[in-house]
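# Observations on the three-dimensional arrangement
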Amino acid sequence: MKLWPALAGSIALAVAAHLAVTASASTMTVAAPAGVVQTQATGLTVTNSVSDRFTVATTTPLEGQTTNFDGGAGAGADSGPAWTASSDWTNPSADYVIRNAGSGISIARFPWLTRQSRLSARITSYGTSVQAGVVLGSNAGGTQGLAAVLYYDGNYRFGLFTVSSGTATACSPALSLTGSGGRTVTLTFSPATGGTATGTISGGGGDSVTSTCSLSGVTGSYAGLYSNSATTTRYDNISATL
């Protein structure tokens, strides 16, 4: 019988810890990168996500737009982190964004995670000038990160690239693709560890690639979209999840 008080105390502490984690998942703010304040307690699963809010009535810059944040209360219940992007990125009066001006690498980004997460986007309406994808581990200035990229070099291909100071370097084998239909690009990576990353692409041949280079320098707490030139390419259905 002497064991009961200790056991009751342990249960109370366990319940309190569970409620604290649950509350942080459902009510936490996103002033800091989403998910940073969460703990990875053994046996507890905490999930949240960010998705795009591209359904606007008029053409507007992507810069400053907020995302949808689901911290446990449902998608869209809270405003998520805001996009930072050059004026080249715009949201037309439809459910997608494009980069229709400028040249060179540009990363449109929002504060996100330093723990392992998954980022995906639907890429459509592209031609042979396409170099488009998603990025994890970007820094605040958008000058570095890890990108999963759909591109054309005489054939449509897909691969992972590290971005540093405006230069992209291959970081995986290249998958050969067929056709130019819409594709969903997904990247899974943990900037906190710099470990192996995986990129996947749907449709038209290919499947997934795994990083083959060191990612120890890709440690930023931003996620976003990658472009290497102004094109007709459309980005939609952006989703970042734990």
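So, how was this worked out
- Residues numbered from 1 in each chain as written.
- Predicted model: local features only at pLDDT ≥ 70, side-chain atom pairs only at ≥ 80, totals over all residues.
- Heavy atoms only, no water.
- Helix = DSSP H or I, 4+ residues; strand = E, 2+ residues; numbered from the N terminus.
- Buried < 20%, exposed > 50% of the residue type's maximum accessible area, 1.4 Å probe, protein only.
- Contact = heavy atoms within 4.5 Å.
- Areas by Shrake-Rupley, 256 points an atom, 1.4 Å probe, with all protein chains shown as cover.
- 1 Å grid on protein atoms, 1.4 Å probe; cavity = no way out; pocket = protein on both sides within 12 Å on 5 of 7 lines; lining within 4 Å.
- Points joined across faces, edges and corners; volume = space filled by probe spheres on them.
- Phe/Tyr/Trp six-rings, centres within 6.5 Å; stacked < 30°, edge-to-face > 60°.
- Pairing = 2+ DSSP bridges.
- pLDDT = per-residue confidence, 0-100.
- Salt bridge = Lys/Arg side-chain N within 4 Å of Asp/Glu carboxyl O.

### Thoughts on the overall build of the protein
The secondary structure content of the protein amounts to one helix and 18 strands. Each of the 242 residues in the protein was classed as buried or not, and the buried ones make up 44%. Partitioning the contacts of the protein with sequence separation of at least 6, the portion at a separation of at least 24 is 63%. About 10,700 Å² of surface is accessible on the protein, with carbon and sulfur atoms providing 54% of the total.

### Details of the environment of P173
Looking at the secondary structure, you find P173 in the loop between β12 (167-170) and β13 (175-176). Setting aside residues no more than four positions away along its own chain, P173 makes contact with F158, G159, V209, T210 and T212.

### Section: empty space enclosed by the protein
Evaluated as defined, the whole model comprises one cavity of 30 Å³ or more. Taken as a whole, the largest cavity holds about 50 Å³ of empty space.

### Concerning the packing of aromatic side chains
All told, the structure shown has seven aromatic pairs when counted by the stated rule. A centroid spacing of 5.3 Å and a plane angle of 55° characterise the contact between W89 and Y235, whose relative ring orientation is tilted. Taken as a pair, W89 in strand β5 (residues 89-91) and Y235 in strand β18 (residues 234-241) lie far apart in primary sequence, 146 residues in all. Relative to Y156, the ring of Y126 lies with its centre 5.6 Å away and its plane at 75°, an arrangement referred to as edge-to-face. One end of the pair, Y126, is in the loop between β8 (117-124) and β9 (131-138); the other, Y156, is in strand β11 (residues 156-164), and 30 residues separate them in sequence. Side by side, Y126 and Y156 carry an identical accessibility label, which is buried.

### A short note on the environment of I107
Its place among the elements puts I107 in strand β7 (residues 103-111). Residue class for I107 comes out buried when judged on its relative accessible area of 3%. Distance from I107 to G224, taken between C-alpha atoms, is 6.5 Å for residues 117 residues apart in sequence. Those residues in contact with I107 that sit more than four places away from it in its chain are T84, V135, S138, G142, Q144, V163, L225 and Y226.

### Quick word on the pairing of strand β15 (residues 198-201)
Only one face of β15 is buried, namely the one carrying G199 and I201, since none of T198 and T200 on the opposite face is buried. As paired elements, strand β14 (residues 183-189) and β15 share four bridges and run antiparallel to each other. Within the sheet, the bridge partner assigned to T188 lies in β15 and is T198. Sheet topology note: the β15/strand β16 (residues 208-210) ladder contains three bridges and is antiparallel. Directly across from T200, in β16, lies its bridge partner S208. Counting the residues that bridge the hairpin from β15 to β16 gives six residues, and of these G203 lies at a positive phi of roughly 80°.

### Quick word on the confidence of the model for the protein
The predicted coordinates should not be examined in detail at positions where pLDDT is low. Scored by pLDDT, the protein has a mean of 81; 78% of the residues are at 70 or more. Across residues 1-44, where pLDDT falls below 50, the model places 39 contacts with residues more than four positions away in sequence or in other chains.

### Digging into unusual backbone geometry
Residue S165 is not a glycine yet carries a positive backbone phi of 50°. Tracing the backbone through its elements, the reader meets S165 in the loop between β11 and β12. Residue classification places S165 among the exposed residues on the basis of a relative accessible area of 65%. A positive phi is found at N237, a non-glycine position, where the angle reads about 50°. Among the secondary structure elements, N237 is positioned in strand β18. For N237, a relative accessible area of 47% translates into the label partly exposed.

### Quick look at the pattern of salt bridges
A side chain of one charge can pair with a side chain of the opposite charge if their charged atoms are brought near each other. A full pass over the atoms with the stated rule returns two salt bridges. One salt bridge in this structure joins R157 and D153, with 2.8 Å as the shortest N-O distance. For R157, a relative accessible area of 19% puts it in the buried group. With a relative accessible area of 47%, D153 lands in the partly exposed category.

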